Amino acid sequence: MRRRTLLAGITGAALFTATPAHARSRRILHVRPGDSLQAAVDAVDGPGATIVVHPGTYREVVNVPADKGELTIRGASRDPRAAVLVYDNANGTAKPDGSGTYGTAGSATFTSAAPGLTVRDLTLANDWLRADHPEITGTQAVAAYVTGDRTHFDHVRLLAHQDTLFADTTALDAFDRQYFHRCYIEGDVDFVFGRGRAVFDACHFHTLQRDVSFTPKGMVFAPATARANPYGFLALRGRITSGAENAAYKIARPWVPSYETTAWPSLVVRDTWIGPGIDAVAPYTNMRDAYPWQTMRFREHANSGPGAAVPVPENRPQLTTEEAATHTRRTYLGDWRPYGRP
């Protein structure tokens, strides 16, 4: 019950039934406790709208379709804990209409395919718990599933367990760009995953304690970058902490999906403080032995902290200074610069 207790403690508010959102105009819409964030999204009738979410807990699933481009969704407070969007579907949760289960992507509390989306000062969570549903084997439960070019999350908290953030693209041949700035992302298994070209700038990744007897308990990243994409995930100027014992987690494992077996996962972690929760001796592992991590584009540069030690150099491929110059916000995001000046 950890997640539900946490969310209630953050907001100090009851859970509200969704009703139509208040709005003075369709350019700026306000969502307050008792309103529905999805209703506000549906009411947007053109690009460039802003939805302001007031403090409270909103228990619903929200989908931002591709035709709601250049939309901003922001908390009314600068504290991202004040406004919480949460639901509890998992991969193996049965759909009410009897048509099957939701699947991983379908389990997401928040989904967006809109280009130019900005989300700031909010908490997006999936509070589904394995312990509550021992009958379900599809335990992926996504907080946010985002595609669409120029997706920007700033000061957002993303909370779940397995597969917290699905940073993906709109199509197998799309190189959609995403920028996460000052975000807090927590989970246990593969909790940042997908094929998106995503920059995580000054983000905090936190691995949860997990009630299992084996290690690794999980992994932070599971990129599935398309082979044709020169850039996958870039984490820089951040930190990785843990609620579990030392060396219980890995930094990453490569995800080569069955529907895209040509994927060549790419991850660079640089200028990041890595705590003792990460196994410094062997920080990477395989998802499937047919796709060993050593053949993937996994690199590090100028990291610090006990989890960044390099006792076995062949287990921690490092970028040279020259190589590091090609793995920056600018090279990954190109002419889109949500971070301001370089």
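Residues numbered from 1 in each chain as written. Predicted model: local features only at pLDDT ≥ 70, side-chain atom pairs only at ≥ 80, totals over all residues. Heavy atoms only, no water.

## A short note on the overall build of the protein chain
- A tally of regular secondary structure across the protein chain gives five helices and 27 strands.
- For a compact globule of 342 residues, the expected C-alpha radius of gyration is about 20 Å, and the protein chain comes in at 19 Å, within 12% of that figure.
- Oriented by its inertia axes, the alpha-carbon framework of the protein chain measures out at about 60 × 45 × 35 Å.
- Relative to its full complement of 342 residues, the protein chain shows a buried share of 57%.
- Across the protein chain, contacts joining residues at least 24 apart in sequence account for 69% of those joining residues at least 6 apart.
- Working note: accessible area of the protein chain is about 13,700 Å², and carbon and sulfur atoms make up 52% of it.
- Positive and negative side-chain charges of the protein chain, numbering 37 and 34 respectively, have mean locations separated by a distance of 5 Å. (Helix = DSSP H or I, 4+ residues; strand = E, 2+ residues; numbered from the N terminus. Rg over C-alpha atoms; globule rule 2.2 N^0.38 Å. Buried < 20%, exposed > 50% of the residue type's maximum accessible area, 1.4 Å probe, protein only. Contact = heavy atoms within 4.5 Å. Areas by Shrake-Rupley, 256 points an atom, 1.4 Å probe, with all protein chains shown as cover. Lys, Arg positive; Asp, Glu negative; His and termini not counted. Charge placed at Lys NZ, Arg CZ, Asp CG, Glu CD.)

## Details of unusual backbone geometry
- Following T215, the chain continues into P216 via a peptide bond in cis, with omega recorded as 0 degrees.
- Looking at where P216 falls in the secondary structure, it is placed in the loop between β20 (204–207) and β21 (218–223).
- Unlike most non-glycine residues, A202 shows phi in positive territory, near 60 degrees.
- Positionally, A202 belongs in the loop between β19 (197–201) and β20.
- Not every positive phi belongs to a glycine, and A302 is a case in point at roughly 55 degrees.
- Inspection of the secondary structure assignment puts A302 in the loop between β27 (297–301) and α4 (321–324).
- On the accessibility criterion, A302 (46% relative accessible area) is partly exposed.

## Some remarks on the nonpolar core
- Core analysis: the biggest nonpolar cluster contains 60 residues, and I51, I73, F110, F153, F200, F205 and F221 have the highest contact counts within it.
- Here the element with the most residues in this core is helix α2 (residues 37–43); it accounts for four residues.
- Beyond its immediate chain neighbours, meaning those up to four positions away, F110 contacts V62, V64, I73, L85, L117, V119, L124, A143, A144, Y145, V146 and F153.
- Within the second largest apolar cluster, 12 residues are counted, among which are Y179, V199, L319 and W336. (Core = buried A, V, L, I, M, F, W, Y, C linked by side-chain atoms within 4.5 Å.)

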